[in-house]
Amino acid sequence: MGFVSALEIRTIGGVDEWQLLRWTNSDGDALPLEPPRVDAPVDAPPAPFGIAYPLPLPSVGRVYLWADGFAARAKSILLERELASRYIKASSAMVRQYGRRGAVMDEAERLLKDAQQALQQEQFMQSLALGVQAAERSAISVARARVERMHGRTAFLWGVCASDAALAQRAIERLHPPLNLIHLAIHAPDEAWRRVADAAQGARMAIAAALADCKHTPAHAPTPDALRNAVAAFRGQARYWTVATHLHQATPDKHTHSQLRQLCEIARAVDFGVVRLLHGSQSLYHRQAAYPALAACVQADVPFEAVHLEWRWYDGSLYDLDQLLERYGELGKPIHLTLHLPPTGGYEAFTRTTPLDWTESAALIALSKPYVAALRLPLQGAETTAGALDGEPSEHWQRIEQLSHWNRSLQD
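So, here's what we can say about the structure. (Residues numbered from 1 in each chain as written. Predicted model: local features only at pLDDT ≥ 70, side-chain atom pairs only at ≥ 80, totals over all residues. Heavy atoms only, no water.)

### Points about helix 10 (residues 355–367)
Phase 1 of the analysis: Compared with the 18 Å implied by 1.5 Å per residue over 13 residues, the 18 Å span of helix 10 between its first and last C-alpha is a close match.
Phase 2 of the analysis: Burial of helix 10 is extensive: ten of the 13 residues sit out of reach of the surface.
Phase 3 of the analysis: Of the residues making up helix 10, those classed as buried are Pro355, Trp358, Thr359, Ser361, Ala362, Ala363, Leu364, Ile365, Ala366 and Leu367. (Helix = DSSP H or I, 4+ residues; strand = E, 2+ residues; numbered from the N terminus. Expected span 1.5 Å × (residues − 1). Buried < 20%, exposed > 50% of the residue type's maximum accessible area, 1.4 Å probe, protein only.)

Quick look at the structure:
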């Protein structure tokens with residue numbers, strides 16, 4: 001049992017590591033507050049607030065789940081019940097709204113009814129597992145219906161992120177098609193990366209680029225000279241430039257906006273045709289929230305054209321991904337989405353029961369959003385993520401291929 005001032009947080013046994021609990025604001029952005037401890041109270045977050053925790057669920061796995069709307073007057077919260085109630089409410093709303101619009105909701109409706117019954121019987125873990133599945137199935141069904149209604153997306157970029165030139169060359173050879181975008185995370189525009197750009201152009205692929213590991217400013221932006229030289233080296237080739245990364249770490253103040261404005265103006269001056277992106281991550285586990293910084297950049301008229309959003313598979317359910325994209329879509333900028341994929345064995349405490357299904361479903365949700373212009377996947381697997389290329393195209397990439405073929409078939 002954990003305490004936040006006068007607030008008691010109770011659990012029926014699903015919580016096994018309080019350090020994984022995250023406080024959020026009402027929008028789902030993780031707050032920089034320590035989790036509660038069993039033996040000591042901590043200050044309450046500003047109301048209304050939310051709570052996120054990765055409860056292990058059958059048929060889902062273990063990823064962050066979120067409940068919100070808690071007020072300062074709340075005295076006691078039963079975490080499993082609150083989480084179950086949120087996902088049941090979310091699924092119920094989607095079934096009602098989109099079922100009558102033609103989305104196939106049979107499976108979601110069945111799961112929802114079972115979740116509601118379990119909640120009434122105070123079987124909270126079972127209700128939560130069923131409710132999350134219902135919400136995910138609802139989001140997937142709505143996404144499929146939207147793409148079908150659009151008769152497929154005719155302009156969508158299927159991409160990978162490459163930080164090694166030799167592997168990038170192999171990706172162009174092995175993943176194209178449907179690969180039609182390659183993101184070059186470069187340290188410097190050397191000859192190896194120029195050959196990659198030439199090969200990508202020869203395959204009629206779009207090229208995106210960013211200077212990697214830039215720590216010269218709080219926004220991890222490159223120096224003006226470094227960006228100027230890099231954009232010049234790929235002038236006429238790299239259509240998309242992420243001019244600054246990790247904006248979730250930046251202070252959204254006049255100084256930061258001035259730096260970003262300068263970098264954006266340099267990129268446009270060097271290559272008039274470039275599309276300028278600002279990058280940030282949204283993560284509960286890592287307490288990262290890019291939305292406030294990006295919204296501040298929009299408000300301050302920083303001249304950029306698109307958002308480069310990074311999201312990890314363990315930071316929420318597929319329903320939460322759907323809602324996250326809806327929120328970022330409100331910025332009024334096209335989104336290039338980088339998704340980290342669930343490895344077969346999971347990562348630390350986190351797992352997904354069917355990781356390949358997750359990859360296909362997450363990509364479908366991205367495809368269904370008209371303001372999501374590109375999906376980027378890690379080229380190489382790592383401890384935290386699966387990759388698109390494991391010598392040969394990975395099983396995850398094969399699911400992307402299948403989705404791309406289906407999308408193209410709708411255009412016939």
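There is more to say after this.
### Quick look at the sheet that holds strand 12 (residues 240–244)
Phase 1 of the analysis: What the eight strands build is a closed barrel, ordered 9-10-11-12-13-14-15-17; its pairing is parallel. Strand-to-strand twist across the sheet, computed as the mean angle between neighbouring axes with direction ignored, equals 25 degrees.
Phase 2 of the analysis: Pairing geometry for strand 13 (residues 275–282) and strand 14 (residues 306–312), over six bridges, is parallel. Considered in strand 14, the bridge of His279 is made with His308.
Phase 3 of the analysis: Sitting on the sheet, helix 5 (residues 191–202) touches strand 9 (157–162), strand 10 (181–186) and strand 11 (206–211), and the angle it makes with strand 10 is about 170 degrees. (Pairing = 2+ DSSP bridges. Axes fitted to C-alpha atoms, helices over the stretch in contact; angles between N-to-C directions. Contact = heavy atoms within 4.5 Å.)

### Overview of the sheet that holds strand 3 (residues 22–25)
Phase 1 of the analysis: Across the sheet, which stays open at both edges, the three strands sit in the order 3-4-7 with antiparallel pairing between neighbours. Where the open sheet ends on each side, the last strands, each with one partner, are strand 3 and strand 7 (65–70). In this sheet, neighbouring strand axes are inclined to one another by 25 degrees on average, regardless of whether the strands run parallel or antiparallel.
Phase 2 of the analysis: Packed onto the sheet, helix 1 (residues 79–99) meets strand 4 (49–53) and strand 7 and runs at close to 90 degrees relative to strand 7.

### Digging into helix 6 (residues 224–233)
Phase 1 of the analysis: Of all the residues in helix 6, the buried ones are Leu227, Ala230 and Val231. The arc that holds every buried residue of helix 6, seen down its axis, measures 95 degrees, which confines them to one face. Turned more than 90 degrees from where helix 6 packs its buried face, Asp225 and Asn229 sit exposed.
Phase 2 of the analysis: Tucked inside the fold, the buried residues of helix 6 contact strand 11, strand 12 and helix 7 (254–270). (Arc of directions from axis to C-beta.)

### Quick notes on the nonpolar core
Phase 1 of the analysis: Counting 134 residues, the largest nonpolar core has Trp241, Leu278, Tyr328, Leu337 and Leu339 as its most contacted members.
Phase 2 of the analysis: In this view, Leu337 contacts Leu309, Trp311, Leu325, Ala366, Val372, Ala374, Leu375 and Arg376; residues no more than four positions away in its chain are not counted.
Phase 3 of the analysis: If you look at the next biggest cluster of nonpolar residues, it comprises nine residues, including Ala206, Val275, Ala306 and Ala374. (Core = buried A, V, L, I, M, F, W, Y, C linked by side-chain atoms within 4.5 Å.)

### Here's the deal with the packing of helix 3 (residues 124–149) against helix 10
Phase 1 of the analysis: Packing of helix 3 against helix 10 brings their axes to within 8 Å, and their N-to-C directions diverge by 50 degrees. The orientation of helix 3 relative to helix 10 falls into the category oblique. Relative to helix 10, helix 3 is oriented so that their crossing is left-handed. Facing Ala139, Ile140, Ala143, Arg144 and Val147 of helix 3, the residues of helix 10 in contact are Ser361, Leu364, Ile365 and Leu367.
Phase 2 of the analysis: Partitioning the contact of helix 3 with helix 10 into residue classes produces seven nonpolar, one polar and one charged. (Parallel < 35°, antiparallel > 145°, perpendicular 65-115°, else oblique. Left-handed = near helix turned anticlockwise from the far one by under 90°. Nonpolar A, V, L, I, M, F, W, Y, C, P; charged D, E, K, R; others polar.)

### Things to note about the layout of surface pockets
Phase 1 of the analysis: Approximately 570 Å³ is the volume attributed to the second largest pocket.
Phase 2 of the analysis: As for the second largest pocket, its lining consists of 27 residues, of which Asp27, Trp66, Arg86, Asp320 and Gln323 are closest to the centre.
Phase 3 of the analysis: At the level of elements, strand 7, helix 1 and helix 9 (318–329) are the ones that each hand at least two residues to the lining of the second largest pocket. (1 Å grid on protein atoms, 1.4 Å probe; cavity = no way out; pocket = protein on both sides within 12 Å on 5 of 7 lines; lining within 4 Å. Points joined across faces, edges and corners; volume = space filled by probe spheres on them.)

### Regarding the side chain of Arg153
Phase 1 of the analysis: Checked against the element boundaries, Arg153 lands in the loop between helix 3 and strand 9.
Phase 2 of the analysis: The charged side chain of Arg153 is buried without a salt bridge, its nearest counter-charge being Glu326 at 11 Å.
Phase 3 of the analysis: Within the structure, the side chain of Arg153 is placed 3.0 Å from the backbone oxygen of Lys369, a separation counted as a polar contact.
Phase 4 of the analysis: Setting aside residues no more than four positions away along its own chain, Arg153 makes contact with Ala366, Leu367, Lys369, Pro370, Val372, Ala373, Asn407 and Gln411. (Lys, Arg positive; Asp, Glu negative; His and termini not counted. Salt bridge = Lys/Arg side-chain N within 4 Å of Asp/Glu carboxyl O. Polar contact = N/O pair within 3.5 Å; in protein donor to acceptor, adjacent residues only side chain to side chain.)

### Examining the pairing of strand 10
Phase 1 of the analysis: Of all six residues in strand 10, six are buried, a share of seventy percent or more.
Phase 2 of the analysis: Going residue by residue along strand 10, you find Leu181, His183 and Ala185 tucked away on one face and Ile182, Leu184 and Ile186 tucked away on the opposite face as well.
Phase 3 of the analysis: Pairing of strand 9 with strand 10, which is carried by four bridges, proceeds in the parallel orientation. Bridge assignment links Cys161 to a residue of strand 10, and that residue is His183.
Phase 4 of the analysis: With respect to chirality, the unit in which strand 9 leads through helix 4 (residues 165–175) into the neighbouring parallel strand 10 is right-handed.
Phase 5 of the analysis: As judged from the six bridges shared by strand 10 and strand 11, these two strands associate in the parallel manner. Within the sheet, the bridge partner assigned to His183 lies in strand 11 and is Ala208.
Phase 6 of the analysis: As a crossover connection, the stretch from strand 10 through helix 5 into strand 11 is right-handed. (Right-handed = clockwise from strand over helix to strand, strands pointing away.)

### Things to note about the pairing of strand 12
Phase 1 of the analysis: Of all five residues in strand 12, five are buried, a share of seventy percent or more.
Phase 2 of the analysis: Judged from the three bridges that link them, strand 11 and strand 12 form a sheet pairing that is parallel. Looking at strand 12, one finds that Ala210 is bridged to Thr242.
Phase 3 of the analysis: Pairing analysis gives four bridges linking strand 12 to strand 13, with the strands arranged parallel. Counterpart to Trp241 in the pairing with strand 13 is Arg276.
Phase 4 of the analysis: Chirality of the crossover, the property in question, places the unit of strand 12, helix 7 and strand 13 among those that are right-handed.

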